[in-house]
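Commentary on secondary and tertiary structure
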Amino acid sequence: MTPPNGTGPVVLEARGIVKELGGNTVLNHVDLTLAKGDLKVLIGPSGSGKSTLLQCLNLLHIPEDGQLLLDGTPVNFKKKTDLYQLRQKVGMIFQDFNLFDHLSARQNVAIALKKVKKQAKKQAHDRACEELARVGLSNKMELYPAQLSGGQKQRVSIARALAMDPEVLLLDEPTSALDPELISEVLVVIRDLAKAGMTMLMATHQISFSAGLAHEFVFMENGRITEQGVPSVLLAENSGSRTRDFCAKIS
Ligand code: ADP
Ligand code: MG
């Protein structure tokens, strides 16, 4: 059974986020709340603004308008210290892993601990080993990205994000670049994180996996959230929801 959401305090809140790219309004007043332990899943057609929203939530994109609140405190987009703090607390997983090719799996995890968290070499090394073990990669730690499968690379990238002790994890189609047989090893890691209570917002086309796990589906179209609700309700046969139409088309 899916645990109740929204019971914890709000960790991350977006209010009225507007983002313009290339002269177009790509996000048009988006509001979204993540309470502690929430798993919300972003779905919607290609180009609807899912990636842009995720990138605004950890300020890889600076919104033109709107507000972000982290643990109830407004984030000042113009203040570097606020940006750094938000990015530390809001981790991001990308479709294409974003690993450093010249570093081993262990070094990829340890480097952020040394550079961002200013940890000593031994401490960073130990933590990297611990996080890689958590995603089932104890025996691959000294391998380089080119020696790893896509599923393994994505698990390294998850380990790297977890090593930063994020309060929220944003995942942008984490299995979209994977061969079909490698998808489940990454979904297992995500499911375990959800069960452990990690607060997450994930864009994905893995509808049946998400429906069994997510507290809420958030459906985007044309830069807006047009539907939001419990998956079983939105997907019910007689719901008449756009979410259901969309999910039927892609699965
Ligand atoms: P999704 O992740 O839902 O597929 P995106 O957030 O990637 O959607 O894109 C939303 C819209 O913004 C699309 O129309 C896309 O073409 C546009 N867009 C994304 N990035 C840029 C950019 N750097 N410059 C101009 N337009 C962009
Ligand atoms: Mg996208």
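Residue numbering note: each chain is counted from 1, following its sequence as written. Lettering for chains starts from A, numbering for ligands starts from 1, and both go in the order in which the items are written. Whole-chain, interface and lining totals are the exception, using all residues; otherwise, since this is a predicted model, local features are given only for residues with pLDDT of at least 70 and side-chain atom pairs are given and counted only at 80 or more.

Under the annotation held in an unreviewed UniProt entry, the protein chain carries the name Amino acid ABC transporter ATP-binding protein and is attributed to Desulfobacter hydrogenophilus. UniProt positions are given in the numbering used here, feature names are shortened, and annotations may be inferred rather than shown by experiment. Recorded in UniProt under Subcellular location (unreviewed entry), the annotation for the protein chain is "Cell membrane". Its UniProt record gives the protein chain the following Sequence similarities (unreviewed entry) comment, quoted word for word: "Belongs to the ABC transporter superfamily."

1. Here's the deal with the site of ligand 1
Nearness between a residue and a molecule or strand is assessed with a C-beta atom placed from the backbone; a distance within 6 Å qualifies. Around ligand 1 sit Leu21, Gly22, Val26, Gly44, Ser46, Gly47, Ser48, Gly49, Lys50, Ser51 and Thr52, and those are all the residues in its vicinity. Lys, Arg, Asp and Glu make up the charged group, whereas Ala, Val, Leu, Ile, Met, Phe, Trp, Tyr, Cys and Pro make up the nonpolar group; the residues left over, Gly among them, are polar. Of the residues in the shell around ligand 1, the class split is two nonpolar, eight polar and one charged.

2. Examining the sheet that holds strand β7 (residues 168-172)
Between any two strands, at least two bridges found by DSSP are needed for them to pair. Elements are defined by DSSP. Helices are runs of H or I of four residues or more, strands are runs of E of two residues or more, and each kind is numbered from the N terminus. A sheet is described by the order of its strands in space; here six strands give the open sequence β6-β7-β8-β3-β9-β10, paired in mixed fashion. With partners counted over all chains shown, the strands left at the sheet margins are β6 (90-93) and β10 (224-229), one partner each. Ignoring which end each strand starts from, the neighbouring axes of this sheet average 20 degrees apart. Note that strand β9 (residues 216-221) and β10 share five bridges and pair antiparallel. Within β10, the position partnered with Met220 by the bridge is Ile225. As a rule, the C-alpha atoms of each element are fitted with a line to give its axis, helices using only the stretch in contact, and angles between N-to-C directions run from 0 to 180 degrees.

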